Every structure is written in structure tokens, then in C-alpha cells.
Amino acid sequence: MAMGVLATGSGLFLFAGAAVGLSIAFQKLPDVGLLQSYVPYETTMIYDDKNRLLAEVHGQQNRVVVPLGAIPRDVRDAVIAAEDVRFFYHRGIDPRGIARAFLVDLAGGRAEQGASTLTQQLAKNLFLTDSKTIRRKLADAWLAIQIERRYSKDQILELYLNQVYWGHNAYGIEAASETYFNKSVRKVNLAEAALLAGLLGGPERFNPYRDPKLAKLHQVHVLRNMYQAGFITQGQLRAALTYPLHYPKEPPLVRESYRAPYFTNYLLEHLVNRFGKDMVYRGGLRVHATLDLQLQDYAQQLLRETIATEGKSHHFSQGAVVAIDPHTGAIRVMVGGKDWNQSKFNRVVQALRQPGSSFKPFLYVTAFAEGMTPAMRLDDTPASYVAGNGKLWTPENYDHEHYGDIPLRRALEVSDNVIAVKLMSRVGVDRVIETAHQLGISSPLSPDMSLALGTSAVTPLDMCSAYGVFAAYGQRTEPIAYTSIADRSGLTIARQVPHLRQVFPADPVKVLDDVLQGVVLRGTGYAASIVGRPAAGKTGTTSDFRDAWFIGFTPNLVTAVWLGNDNDTPMTGGSAGGDICAPLWGKFMLMADRAFPVTPFEKPPARLLGPPPATPRPEAASASSRPEVPPTHRPSKVRPSPAVNRAPKREPSSSRTGSATP
């Protein structure tokens, strides 16, 4: 008891001392004039393309600064009633409050009552430590007096409300409102304001996630203080006391930090590389991202459903979906896996996978650029090539059937492997590699003939971006994840404007688009058809079924789908891109593309398409004319061409290194 009385009494005596003595004792304290340029740490906010919140990014302090005029009167009054009811009547320190605390402590026999004003608390938070020493109490008193001399009450209150800690890593009233009520402080009512104010005496002990009954008791105490101070009427008091308080089901620390986490973390990495970690996590940036959250959620749902319904029978457990606007480079969707909480590995940008026959369009567009036409015919009877190890390599078709002399158009529709390799031998491997890199493939490509079948690993993002060049008729722009960034004052500090470059001649791309539409209409990609809308694309499956793809586009949007296993184990035989990836792509694009008017692809000059076939395509060669082959796998669904009686049923495939590749 004696120590408590002594401590409070000493405080009363010293606070009544001369200002000159305090000035001499605390000459080395910070200059309160620094508050004029003080910028608190603030949370960075990331929004999608329709201004929906994706993420609140912060370091140790989650804070969103709001002006005093945006904070409801009830909130301001509740904080004043809880912490410093005479705030508007003192000049930094409150002698009456000190005397009252002294008398209460004297009666109770120990030092329990705080006598710090809001201004003292602000001074302590900004300039001092939490040490409970006489010297620290004198220091915050001195600083409080200096603050009151230089700043208005409104300025002090605004600083206080945006600075102090409210529990659960929430700093400032806006973060507190979002933390405990999932809404902005602008929408907080009287009952909620009193609950928030009641937390200030012990944010970690009094918060409703830890002890809702104790939080309620402090709310009641604040409301009664507000009534006694004349801030509210008796009717308002009764209504607030009975108002039902509702909190989020989970404490903030266990809620998912970000929506669309694969995309958001990809974006954050780019922001940190450009602006630095301090600016991103403390600078209060306002980032407007390219993502469409509604499409993102739908793509994530489709991927999970596909893995749940098809994954067990086909033996795959992961996938990726990415969609890009080909005219701006804006990433609209980035689903990097089945579940972020289970795996943070972003397969859209981190997984290097063999593309299989989805690589063939780079070969075909190169051939069309060199004057070949879709009507040009090649013989798909087997041919052998000398591999790098000196052995002969004989590429095979998916179903081991051969059809003799067929047009390039039909060869790509059914993904004929033999003709692809023969076409590669005519065009040249180096020329195809040059095309792929021009269009956006950044990974190394092996300069051998098997590249025609997609044996070099690539990322889904690269493939999607490169196919965007097909949708934009030879023009390319780099993928972007945000459109603009503003600082905490609202000033735009960065903007990404599309820079379309013509990286490939338009006419051969239009020819390719014409052929790739046939892949969807009557080829291996038939399951990707979008009713009433033109679409083009290509399936891809590796020969050992470790990777399945469908990459397709409309004139408005390009989307890539990959399915497989992270540990590179093969799927079941017959797990072709046309069977498991194309249906997912079709469902997604049916929703995604309807935001745009129906737009046909631009037609290439007729002379570039070559003459139409004069006679039906030959039937398959007899079994006796084919080399001995292993048993066939289940073919992908291929719609028969109207021009022939029977179409070959085959899915694109590639060989992997070590399995008869050159």
C-alpha cells in the first residue's frame, strides 16, 4: 500500500512542478515538430480489376490511415469517454485526472489508476518506450505539453486514432474495425464503437476473440461513461446496451490472408522487386491488379472439381489454369494449384513441364510463314532419323495408325506426330526455336527433331502468353499483373500501359488460327467447343502421360490448362489433354468469354490457305504396312471430318528424354 501511495503521490507532486525544471531535465527528448512530417506505417491494399479487395499487405503493423472527418462522432466520443473524458479541457496533462487517480489509489492501497491523457499516450507511442518508470512518465508529460502547444485537438485526436494498438496486429481504428467487425470504421455504430474503445485498456486481454464476456463488460463501462459525459442520451444508452454484437467466425490471425493467393503472392514478388519490401509492406500503396476475382474463383472451383471427379481414375493430383488478355497482357486468372494451404508451389510460373503436341503450333506457324499452306500434303508413313546417340529414332502416331498422304490442316487437327517431325525436318529446328522465343517462350529449347512433339519443358504462363500472339495476329505484349499503383496520398506512382509489338507476321498467324479452329471443331480439342462462339486451340499429351494440356483462345482471351502430378509420376494410359483438360477449358471459357461480344477471327487471304482438297483423304494403310508397335492406348475423342467417312482417332503426344528421342 505504501509503495502505491508513494508512486501516485510522487507523480502528483512532480506534475505540479515547474515547467522550467522539466525543460532542463528533458532537453534531449525528440522534437515534437517532427509530427508535421510524421508518416505512420500503413497497410498496402490490393484490388482486382473491378475494385474488389484481394489483399491487405502489412508487416508488423496492420494500419489504414483515415482522416478524422471520416471517423464517426460516436467512435471519437467513445474513445474520449474511455481514455480521457477531459481531453478538450486540458493542455496535455490533466491535474484533475492525476488527483482523482491519486485518491482512488490511496483508497485501494495500490497504484492501479492511470492518469495519462490521450496526448500523453500519443507521445509515448510515437517517441518513448512502455517502461513504467517515473522518468518515462515525466517525459511523456513534457512531450504532451509541447504537442498541445503546436497542434490542434483535432490533429492530436486524428493521430491518436490512427496510431494506437487495438489487438490482433491491428493498429489504428480502421484496421480495428475491419478486424473485429469486418467493416470500415465509417460504418461502425454506437455499440460497436464502445466495444472498440473498451479494448484500449488491454487489447490482447479484453478482445472478444479471447474473452467475449470481458469485452462486453468493458463496452458497458464505456457506454455508461459516454452517458455520464453527455455524449449520448439515455435512450441511446439502452439501445446500445441491448444491440447484438456479431464478430467474424475466426480470429484474424487464422483467416486466409489473401484472396487468390497464387496470384497475389506472384504480384507481391514483383512489387517488392520494384519498390522494395518497406514500401510494399509499410507504405500504404493502393495497387490495382489485373485479376478478375470472379473468374479466378470459378477457375479454382473447376480445377478442384476436375481433380475430385477425374483425378482418381486418371491418377493426377494437381493442375494449373492461367488466362491472359492477349491485347493488354493483363493476367485475368492465375490458379497455381488445387489448394494454396496445402501447397504454395505456383505451377503457373514455377512448374517446367513438357507441352507435348501443344507445342506444334509454333512449328506450323513457322511453316506457314515460309510459304507452306494448310492444303499442302505430306505422307505420314513412318520415317527414321538419326538420334544424337547415333541410333535410329522412328516417331509414331498416338494410335499407331498411318494415313498416307494428308493435308497439313488435317494433320494438325488430329495431331499427327509423324507429319510434325517431317515438317520440322523441312522447316529446320533452329527456325522453330527462334519462332517460339519470339512469341514468348523463355525457357531453353533442345535443338533436336523431337522438339516437334514438345519434349522441352516450359511453364504454363509462357505457353499462355505465347498463344496470346496467335489471338492478337502476331502482336505481343508482356504479361502484367497490375495496371496502376498509387501512394498513400492517392498520387499515381506507377502505371503499366500495354506495349503491343508485331513480333511475327500477321498473315501466317491468321492461317494458323484458321487451322486451330478446326482442332476445336472436329479434332482432338472437340471437347473444348464453346457453343455459339469461335474458338481455337491445341491439345497436348506426353507419350508417357505425365502431362496433359489444352491451350486455346478466342479473339478476346487466351487460357492454358495443365494437369498432372508434381512428382512426375505418369497418369493412367489414355489420360489425354483432349479428354481431361479440354472440358475444363470449355466450361471456363463459356463463362469468361461471354463478357465480350461474339467476335469472329480475322480471315487470312484465300491464297495463303491453298486450294481445297480435290479428293477425299486416303483411308488408313493396311496393318501389314505398319511397323510392329506396342498395344494402343485409348484414343481421345475426335469428331469425324465432314469431308471423309472416318477420321483417325489420335491424341497428340511427345516422347521424353530416354524413351527413343533423338
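Further up the page is the structure itself.
Given the structure is predicted, the values throughout are model-derived calculations rather than measurements.

**Some remarks on the overall build of the protein chain**
Per the secondary structure count, the protein chain includes 24 helices and 16 strands. The burial tally for the protein chain puts 55% of its 662 residues in the buried class. Sequence separation of 24 or more characterises 74% of the internal contacts of the protein chain that already satisfy a separation of 6 or more. Total accessible area on the protein chain stands at roughly 28,500 Å², and carbon and sulfur atoms take up 54% of it.

**Observations regarding the nonpolar core**
In terms of nonpolar packing, the biggest core is built from 89 residues, with Phe 263, Phe 362 and Tyr 364 touching the most fellow members. Examining the composition of this core, we find that eight residues originate from one element, helix 20 (residues 460-471), more than from any other. Judged by nonpolar contacts, the second largest core, of 46 residues, contains Leu 68, Tyr 180, Val 188 and Leu 199.

**Quick word on the environment of Ala 369**
Within the fold, Ala 369 resides in helix 16 (residues 360-369). For Ala 369 and Leu 608, which are 239 residues apart along the polypeptide, the C-alpha to C-alpha distance reads 9.7 Å. Those residues in contact with Ala 369 that sit more than four places away from it in its chain are Phe 504 and Pro 508.

**Some details on the pattern of salt bridges**
Summed over all chains, the structure comprises 27 salt bridges. Ionic pairing is found between Asp 547 and Arg 353, a salt bridge with its closest N-O pair at 2.6 Å. Taken as a pair, Asp 547 in strand 15 (residues 547-553) and Arg 353 in the loop between strand 5 (331-335) and helix 16 lie far apart in primary sequence, 194 residues in all. Residue classification places Asp 547 among the buried positions, given a relative accessible area of 0%. Since its relative accessible area comes to 7%, Arg 353 is described here as buried. Residue Asp 544 is joined to Arg 546 by a salt bridge in which the shortest nitrogen-to-oxygen separation is 2.8 Å. Judged by relative accessible area, Asp 544 falls into the partly exposed class, the value being 21%. What emerges from the salt-bridge pattern is a single network uniting Asp 48, Asp 49, Lys 50, Arg 52, Asp 292, Asp 325 and Arg 332.

What counts, and where the lines are drawn
Residues numbered from 1 in each chain as written. Predicted model: local features only at pLDDT ≥ 70, side-chain atom pairs only at ≥ 80, totals over all residues. Heavy atoms only, no water. Helix = DSSP H or I, 4+ residues; strand = E, 2+ residues; numbered from the N terminus. Buried < 20%, exposed > 50% of the residue type's maximum accessible area, 1.4 Å probe, protein only. Contact = heavy atoms within 4.5 Å. Areas by Shrake-Rupley, 256 points an atom, 1.4 Å probe, with all protein chains shown as cover. Core = buried A, V, L, I, M, F, W, Y, C linked by side-chain atoms within 4.5 Å. Salt bridge = Lys/Arg side-chain N within 4 Å of Asp/Glu carboxyl O.

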